[in-house]
Every structure is written in structure tokens, then in C-alpha cells.
Amino acid sequence: MRLPPGPSAGRLRVWILACFSTRSIKMALNMKQRMDAGLSRKAARSSVSRSSVVKVRSVAAPAPPAAAVQEAKKAYGVFRLSYDTQNEDPSLTRTWKKTIKVAVTGASGNISNHLLFMLASGEVYGKDQPIALQLLGSDRSKEALEGVAMELEDSLYPLLREVSIGTDPYEVFGDADWALMIGAKPRGPGMERADLLQQNGEIFQVQGRALNDSASRNCKVLVVGNPCNTNALIAMENAPNIPRKNFHALTRLDENRAKCQLALKSGKFYTSVSRMAVWGNHSTTQVPDYINARIGGIPATDVIRDMKWFREEFTPKVALRGGALIKKWGRSSAASTAVSVADAIRALVTPTAPGDCFSSGVISDGNPYGVKEGLIFSFPCRSKGDGDYEICDDFIVDEYLRSKIRASEDELQKEKECVSHLIGMMGGSCSLRGAEDTTVPGEN
Ligand SMILES: NC(=O)c1ccc[n+]([C@@H]2O[C@H](COP(=O)([O-])OP(=O)(O)OC[C@H]3O[C@@H](n4cnc5c(N)ncnc54)[C@H](O)[C@@H]3O)[C@@H](O)[C@H]2O)c1
């Protein structure tokens, strides 16, 4: 397809969008020809993939302008829109770090609609951290994804150096430093949690393999799409090239909801709540830990002297908050989920305050609390701000907490058995069929 006459960026932009479907068809035909000629699917894919992701916006950052344009030409083929950065204020870019690549799946969904703009603004990775967004959609959401990219461009974020969109995870995850895995299929009418595990598990198996092949070897992966703990486990087991420690399931929303309940009950502001850990699964078996939580540095149970409230009301209020919100507003909690994703990332790239923690679903291997190994389980964690973390080892686990933790651990073990065929495990039958639905209300 030839570029229509006239040099304006607007024309080029329209052309890029018009080419999207033509390119997809061409790529499929190219791949088929290569496979007919005897290449494996993977080899065929990599031989045609260099130019198959649509680069919507590409800005070389920060580098001498001439070299930057040259570099962009080399790297992005015909699908690019290079800007002349000559007039960029050097005092703005001189202190910037190297651009990081952030892949986001389900990029045209509700959560992403809030999150992407937070990422692009610099409020998550830092005001000196330029980023390239690599957005993955499903075939059905392709048009919407183009719309998302257009809105991102129109927002003129200086730190957003590049936006690319696509539907092939092997391409979209290419060299990704971070993969935020939000996309998942919603649960259909009458579907059990066990069916959801199967349906979305297949997606995370494919995407785990794609991460393994394409992403940076030290890619940090945060799974949001539900059931997020077991989806993260599936992705991790299918990506042996990436350290197991790099996989997280989002339980930060539960932590934030728990902090909010403690603040509401005590009348103290949110910022005074610390050491608020959520243990276990992101389901209604989750364990918001009021025993170790502090308000203004004092144990929460000394500030709120009401054990009946803690035992009978606090946990259900946290676990059922999403359902309460839907009843009021008719929509699921996309904005606060996006905020919690931003918090979860920030928790890894900024040092944890001394004595504090953050909650994240991480691999249980070698944990100090005796939780069965090989599960993605939410623990209190702390970080030095280098992207890595350790599980806190100084939390008091009393009999009450231990029995709740066990119940969530049992559920995660059963979920693991339901998806054993997706993680290369022999045997394993799904005992969750017909079981109580423990999905957090408001989330599919
Ligand atoms: N862990 C948490 O705390 C938490 C909180 C809220 C929601 N969630 C979960 O996050 C997920 C997304 O929620 P949402 O409100 O944004 O949903 P949404 O339906 O608005 O968006 C999901 C998007 O994913 C896309 N998608 C589906 N399959 C895909 C695939 N294979 N690859 C790439 N994209 C794909 C869909 O096209 C859609 O655009 C859901 O699974 C939801 O249950 C988790």
C-alpha cells in the first residue's frame, strides 16, 4: 500500500490506521508461505514479525536529533511516525533514564483506560523515566485499541516516547521490561470459577510462552486478569527463561480496600495505616491481616478496640467491597484497580519505608511462614526500590491468622490442580467443580 501524496503527519497517521488490517492479512499470508516452505511456526513468525506491529508513535529519546531519526528509521520500518526532537528542551531530557518498554494486555479494557494515562504521565515509573507502551488487544478489540493509541497521542505526554499496538503476544511482548497482564475473558452466564480457570488459563499459557520467547530476560510481570494468582502461576510455569520471582498477582487492591476500612473505622487518615498485609488468594478466601496492621504506628487492634468488628465485619467488608460498589454505581471498580496497579509497580521501584510492607501475590518457594511451595500466594513484601523484593519475615501469625491462611492456601492448591495440564504437571483433577463461588464480587 503506497503512502498517499503529501508529507503531513496527519496523512501519514491515517495511512497507518488504514494499513493495519491489510498488514495483518499480508503477514498471515507471508507466514503461511514460509510454513508451506517447511519453516516451523515460530521460525516463520520471527521471519515476518519485525514489521508486523503497528508503531503508532515513535520518538527517539533522548539522543542527538540526527542520530535519533536515523535510529528510528532503522528500527521501525515503515510503520512509524518519527518526530524531530531538535527543539526538545535539553534541560528536560538530560537527566532522563533509558526508555523502558512496558507491555500491557487488555489495553482497550476498563482498567487500562485509566492505567495507561497514569503510566504515560510519569506518575508511576517516575518523572525522569521515558516509556514505550506496547499494547496487546484481542482480535475483537483491534479498532478500540487504535482509538486508545490515538487518545494517548492526543495527550502529548513528553515521557511517552512510543506507542505500538498489536494482537500477537510474541510481538507485543518483544523486549518488554514490564508486562502488565490485564486482559482476560469475562465469565459467561452460568459459568463456574472452575470454567473461568480453564478458559483464562489457556490465554495465560499462550502469553507465558510468548513472554518466555520475546520479553526481556528480567521482565517484571504483574497479572491482573482473574483468577489472577493462578493465571500468574500458569504464565510463570510457561516462562522458564524469566526468574520465578519476577511474577506477581495483583492483591494491592485488597490491601488498599483494607487500609480504607481501617481509616474509616478509626477516623485516622489513610496515610497513617501501615503494615497492612493481605495473605493468600485474590478471592473471598483472602486474609486481610489486622493483627500486624498499624495505625499511626500503634497496633490497629489497640486503636480500634473492637475484636468483634475485626473478626466479623472487617474481612467481609474488604472482600465484598467490589460488589457493594457495583450495587451503587452499576460498574466494576476499574479506576481504583488501575490506581492499585500503579501502587503495586511503585512499590517495586521505590524503597519500602522501614517497618512497612506491601502485599503482592508472589511465588511461595522458600517463604518463612510454611505456606506450601509452588503457589502464587499473597505475602507481606518489602523492596529496596530496584524492582526486586523480599517476603517480610517478621509478621506475627497467630492461630486465627494461621487457620485463615490455610484455607486460602488449600484453595490455591485446588486451583493449581485444576490447571495442572496447563503447567506441565502430571495428574491433578479439578475438585472445585460445584464448589462455592469465591470470586471477588464485581470481578469476572
Ligand atoms: N486482581 C484484581 O484486583 C482485579 C481487580 C479488578 C478486575 N480484575 C480483573 O481484570 C480483568 C480486566 O478487567 P477490565 O475491567 O479491564 O475488563 P474489560 O472486559 O473491560 O477488559 C478486558 C479486555 O481484555 C481483552 N482481552 C480478552 N482476551 C484477551 C487476550 N487473550 N489478549 C489480550 N486481550 C484480551 C478484551 O478484549 C477487553 O478489551 C478481569 O479479568 C477482571 O476480573 C482484577
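- By the naming in an unreviewed UniProt entry, the protein goes by malate dehydrogenase (NADP(+)) and is assigned to Astrephomene gubernaculifera.
- The Subcellular location (unreviewed entry) comment attached to the protein in UniProt states, word for word, "Plastid, Chloroplast".

1. With respect to empty space enclosed by the protein
Then comes step 1: Going through the model one piece at a time under the given rule, you end up with four cavities of 30 Å³ or more.
Then comes step 2: The space that makes up the largest cavity amounts to roughly 70 Å³.
Then comes step 3: In terms of lining residues, the largest cavity is bounded by Trp178, Lys220, Val221, Leu222, His248, Ala344, Ile345, Leu348, Phe358 and Ser360.
Then comes step 4: Among the elements of the structure, β6 (220-223), α14 (334-349) and β13 (358-363) are those that each provide at least two residues to the lining of the largest cavity.
Then comes step 5: Residues of the lining of the largest cavity, tallied by class, amount to seven nonpolar, two polar and one charged.

2. A short note on the UniProt feature "domain: Lactate/malate dehydrogenase N-terminal" (unreviewed entry) in the protein
Then comes step 1: As recorded in UniProt, the feature "domain: Lactate/malate dehydrogenase N-terminal" (unreviewed entry) lies at residues 100-248.
Then comes step 2: Regarding residues 100-248, the helix share stands at 41% and the strand share at 19%, and the terminal C-alpha atoms are separated by 19 Å.

3. Here we look at the state of the cysteines
Then comes step 1: One pass over the structure, following the stated rule, counts one disulfide.
Then comes step 2: Between Cys418 and Cys430 runs a disulfide, and the two sulfur atoms are separated by 2.0 Å. Taking the sign of the S-S torsion, about 75° here, the bridge from Cys418 to Cys430 comes out right-handed. A residue pair is termed long-range when its members are at least 10 positions apart, and Cys418 in helix α15 (residues 399-418) and Cys430 in the segment after α15 qualify at twelve residues.
Then comes step 3: No disulfide involves Cys260; its sulfur sits 17 Å from the nearest other cysteine sulfur, which is in Cys357.

4. Some words on the packing of helix α5 (residues 110-121) against α14
Angle between the axes and distance between the axes: these two values describe a pair of packed helices.
Then comes step 1: Where α5 meets α14, the closest approach of the two axes is 8 Å, and the angle between their N-to-C directions is 45°. If you check the angle between α5 and α14, you find them oblique. For the pair α5 and α14, the crossing hand works out as right-handed. Residue-level inspection shows Asn110, Ile111, His114, Leu115, Met118 and Leu119 of α5 in contact with α14, the latter providing Ala334, Ala335, Thr337, Ala338, Val339, Val341, Ala342 and Ile345.
Then comes step 2: Grouping the constituent residues of the contact of α5 with α14 by class yields eleven nonpolar, three polar and no charged.

5. Things to note about the nonpolar core
Then comes step 1: Within the largest apolar cluster, 89 residues are counted, with the highest numbers of intra-cluster contacts made by Leu119, Leu135 and Trp279.
Then comes step 2: In this structure, this core is formed jointly by two domains, domain 2 (53-167) and domain 3 (186-444), each of which donates at least three residues.
Then comes step 3: With 14 residues, the next largest nonpolar core counts Leu262, Ala300, Ile304 and Val318 among its residues.

6. A short note on the site of the ligand
Then comes step 1: Around the ligand sit 24 residues, and of these Asn110, Ile111, Ser138, Val224 and Asn226 come closest.
Then comes step 2: In the model, an oxygen atom of the ligand is placed 3.1 Å from a nitrogen or oxygen of the Ile111 main chain.
Then comes step 3: In this structure, Leu250 approaches the ligand through a main-chain N or O atom, which is 3.4 Å from a nitrogen atom.
Then comes step 4: Alone, the ligand offers 860 Å² of accessible surface; in the complex the protein occludes 84% of this.
Then comes step 5: Residue assignment for the shell around the ligand shows that the elements contributing at least two residues are α5 and α8 (193-214).
Then comes step 6: For the shell around the ligand, the per-class residue count stands at nine nonpolar, 14 polar and one charged.

Criteria and cut-off values
Residues take numbers from 1 onward in each chain, read along the sequence in its written order. Where local features are concerned, this predicted model is filtered to residues with pLDDT of at least 70; where side-chain atom pairs are given and counted, the filter is 80 or more; whole-chain, interface and lining totals use all residues. By convention in this description, side-chain values take in all heavy atoms of the structure and omit both hydrogens and water. UniProt positions are given in the numbering used here, feature names are shortened, and annotations may be inferred rather than shown by experiment. Using a 1 Å grid laid over the protein atoms alone, points where a 1.4 Å probe fits but cannot get out form a cavity; open sets with protein on both sides within 12 Å along at least 5 of 7 lines form a pocket; any residue with an atom within 4 Å of a point counts as lining. Grid points are joined across faces, edges and corners, and a volume is the space filled by probe spheres set on the points. Put simply, DSSP H or I for four residues or longer makes a helix, DSSP E for two residues or longer makes a strand, and each gets a number counted from the N terminus. Just so you know the grouping, Ala, Val, Leu, Ile, Met, Phe, Trp, Tyr, Cys and Pro go in nonpolar, Asp, Glu, Lys and Arg go in charged, and all remaining residues, Gly too, go in polar. Pairs of cysteine sulfur atoms within 2.5 Å are identified as disulfides in what follows. Helix axes use the C-alpha atoms of the stretch in contact, all axes being lines fitted to C-alpha atoms, and the angles between their N-to-C directions lie in the range 0 to 180 degrees. Throughout, the term roughly parallel applies to angles under 35 degrees, roughly antiparallel to angles over 145, roughly perpendicular to angles from 65 to 115, and oblique to all others. Helix crossings fall into two classes, left-handed where the near helix is turned counterclockwise from the far one by less than a right angle and right-handed where it is turned clockwise. Contact criterion: two residues are considered in contact whenever any of their non-hydrogen atoms come within 4.5 Å of each other. We call a set of buried residues a nonpolar core when its members are Ala, Val, Leu, Ile, Met, Phe, Trp, Tyr or Cys and they connect through side-chain atoms within 4.5 Å of each other. Exposure classes here rest on a 1.4 Å probe applied to the protein chains alone. A residue is buried below 20% of its type maximum, exposed above 50%, and partly exposed in between. Those domain boundaries reflect an automatic or database domain assignment. Neighbouring residues are identified by heavy atoms, a residue being near a molecule or strand if any of them is within 4 Å of it. Polar contacts, as counted here, are pairs of nitrogen or oxygen atoms within 3.5 Å of one another; within protein the pair requires one atom able to donate a hydrogen and one able to accept it, and residues that are adjacent in sequence qualify only if both atoms are side-chain atoms. The Shrake-Rupley method, run with a 1.4 Å probe, gives the accessible areas here. Residue values count only the displayed protein chains as cover.

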